[in-house]
Amino acid sequence: FAIGQESKYAQLGQFLDSLAAKDKFLGALLIADQGKPVFQKAVGWADVSSRKPMEINSKLRIGSVTKMMTTVLVFKAIESKKLSLDQKLADFYPQIKNSEKISISHMLQHRSGIFNFTNRLDYNIFRSIPHSEEQLLAMMIEGGSVFEPDSKADYSNSNFVLLTFILEKVYGKPYQKLLQDQILTPLGMKDTVVFGKIAVEKGDTKSYLYNGKWVEDQEAHYTVPLGAGAITATVSDLNVFISALFEGELISKESLESMKDLRDGYGRGLFSFPYYERKSFGHTGGIDGFRAFLAYFPEDKVTLAVLS
């Protein structure tokens with residue numbers, strides 16, 4: 001069996017090596033079958049200047065894959081009757097335009113029409129500076145409503161930043177604590193955190209853009225993306241998370257079906273990625289120079305996690 005698996009993935013390993021050799025990819029990739037890794041490989045550098053190699057347990061920022069975890073927290077709050085899918089944003093932020101028409105469900109499915117504050121032209125200037133709730137709200141209010149709520153779907157990080165604040169309000173606890181208590185500790189995800197400053201000595205990976213050579217990118221401050229994108233993790237931890245989600249260890253079957261319910265291509269905190277006749281569910285992510293991909297094929301019980 002082991003030999004069969006080795007040859008099966010040999011080409012993939014060679015492909016990753018050749019990408020790294022040509023400066024096309026720095027990252028880690030994991031494939032798991034029923035939660036157990038059958039292929040994992042890291043290539044390139046975690047820190048280019050010190051030539052610290054990328055390892056399979058290197059920690060990278062996962063960007064919007066964070067939204068899957070935030071969605072799980074929202075459904076846990078719904079299951080414990082702290083929130084409901086049809087509850088209106090006006091209960092929390094009446095100052096936001098159309099808040100009386102926007103539900104928790106609309107926000108999870110990007111159907112709110114709330115301006116995406118990360119689309120601002122000055123995003124690259126402000127993303128590395130700490131922000132307060134008031135400052136982020138002011139940007140969303142200034143951006144106004146882009147379309148009538150529920151008339152279509154359009155991706156907006158504002159939805160998940162607002163959901164972060166709402167979760168903190170209904171529980172009276174910070175997002176990191178909710179994440180720790182409800183997801184990370186129960187699943188033993190020891191390498192997943194709301195990020196701070198990148199610390200290579202603690203296993204973090206630096207953020208790079210490629211411009212003829214690898215150039216360090218600036219780091220977003222966690223107070224900007226929050227529950228829309230402020231998590232650092234390993235490919236192993238992402239596998240643990242998505243396997244547990246689809247095996248019913250985190251939320252009820254009904255809640256998971258609600259996440260997978262696609263309208264205009266958007267689920268609630270999920271997307272669907274077709275692969276020939278098969279279909280997976282998951283999310284992509286991008287923050288600073290980091291890119292992430294996490295998907296699960298429910299019929300095959302196969303996970304694909306890529307952090308780069």
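Up top is the structure these notes are about.
Thresholds, definitions, all that
- Counting restarts for each chain, with residues numbered from 1 along the sequence as it is written.
- The model is predicted, so local features are restricted to residues of pLDDT at least 70 and side-chain atom pairs to those at 80 or more, both for listing and for counting; the totals for chains, interfaces and linings are taken over all residues.
- Working from all heavy atoms in the structure, the side-chain values ignore hydrogens and water.
- The pairing criterion for strands is at least two bridges between them, as found by DSSP.
- In DSSP terms, a helix is any run of H or I states spanning at least four residues, a strand is any run of E spanning at least two, and both are numbered starting from the N terminus.
- For every element, the axis is a line fit to its C-alpha atoms; helices are fit only across the contacting stretch, and the angle between N-to-C directions ranges from 0 to 180 degrees.
- Contacts are assigned to residue pairs with any non-hydrogen atoms lying within 4.5 Å of each other.
- The span one expects for a helix is its residue count, reduced by one, times 1.5 Å.
- Two axes are fitted around each residue, one to the seven residues ending there and one to the seven starting there, and the angle between them is reported as the bend at that residue.
- Burial here depends on accessible area, computed with a 1.4 Å probe over protein chains only, as a share of the maximum for the residue type. Under 20% is buried, over 50% is exposed, and the range in between is partly exposed.

## A short note on the sheet that holds strand β13 (residues 302-307)
Reasoning step 1: Across the sheet, six strands lie side by side as β2-β1-β13-β12-β11-β10; this open sheet has antiparallel pairing. Both outer strands of the open sheet, β2 (36-43) and β10 (271-275), are each paired with one neighbouring strand and no more. For this sheet, the mean angle separating the axes of adjacent strands, direction not counted, is 20°.
Reasoning step 2: In the packing of helix α8 (residues 235-246) onto the sheet, the strands contacted are β1 (27-33), β2, β11 (278-287), β12 (290-297) and β13, and the crossing angle to β13 comes to about 145°.

## Quick look at helix α7 (residues 175-187)
Reasoning step 1: Between its terminal C-alpha atoms α7 stretches 17 Å, which fits the 18 Å expected from 13 residues at 1.5 Å a residue.
Reasoning step 2: By the largest-angle criterion, Asp181 marks the main kink of α7, which is about 40°.
Reasoning step 3: Taken together, the buried positions of α7 are occupied by Tyr175, Leu178, Leu179, Gln182, Ile183, Leu184 and Leu187.
Reasoning step 4: On the buried face of α7, the contacting elements are α2 (66-79), α6 (157-171), β6 (193-194), β9 (231-233) and α8.
Reasoning step 5: Residue Gly188 follows α7 closely and has a positive phi angle near 70°.

## A few points about unusual backbone geometry
Reasoning step 1: Its identity is not glycine, yet Asn98 carries a phi of approximately 65°, on the positive side.
Reasoning step 2: Assignment of secondary structure puts Asn98 in the loop between α2 and α3 (104-108).
Reasoning step 3: Look at His110: it is not a glycine, yet its phi comes out positive at around 55°.
Reasoning step 4: Here His110 is to be found in the loop between α3 and α4 (123-126).

## Quick notes on the side chain of Thr70
Reasoning step 1: Checked against the element boundaries, Thr70 lands in helix α2.
Reasoning step 2: Each residue touching Thr70, except ones within four places of it in the same chain, is listed here: Phe160, Leu167, Tyr175 and Gly227.

## A few points about the sheet that holds strand β5 (residues 60-61)
Reasoning step 1: Strand order in this open sheet of three strands is β5-β9-β6, and the pairing throughout is antiparallel. Two strands in the sheet have a free side with no partner beyond their single neighbour: β5 and β6.
Reasoning step 2: Note: β6 against β9, two bridges, orientation antiparallel. Bridging across to β9, Val194 finds its partner in Ile231.

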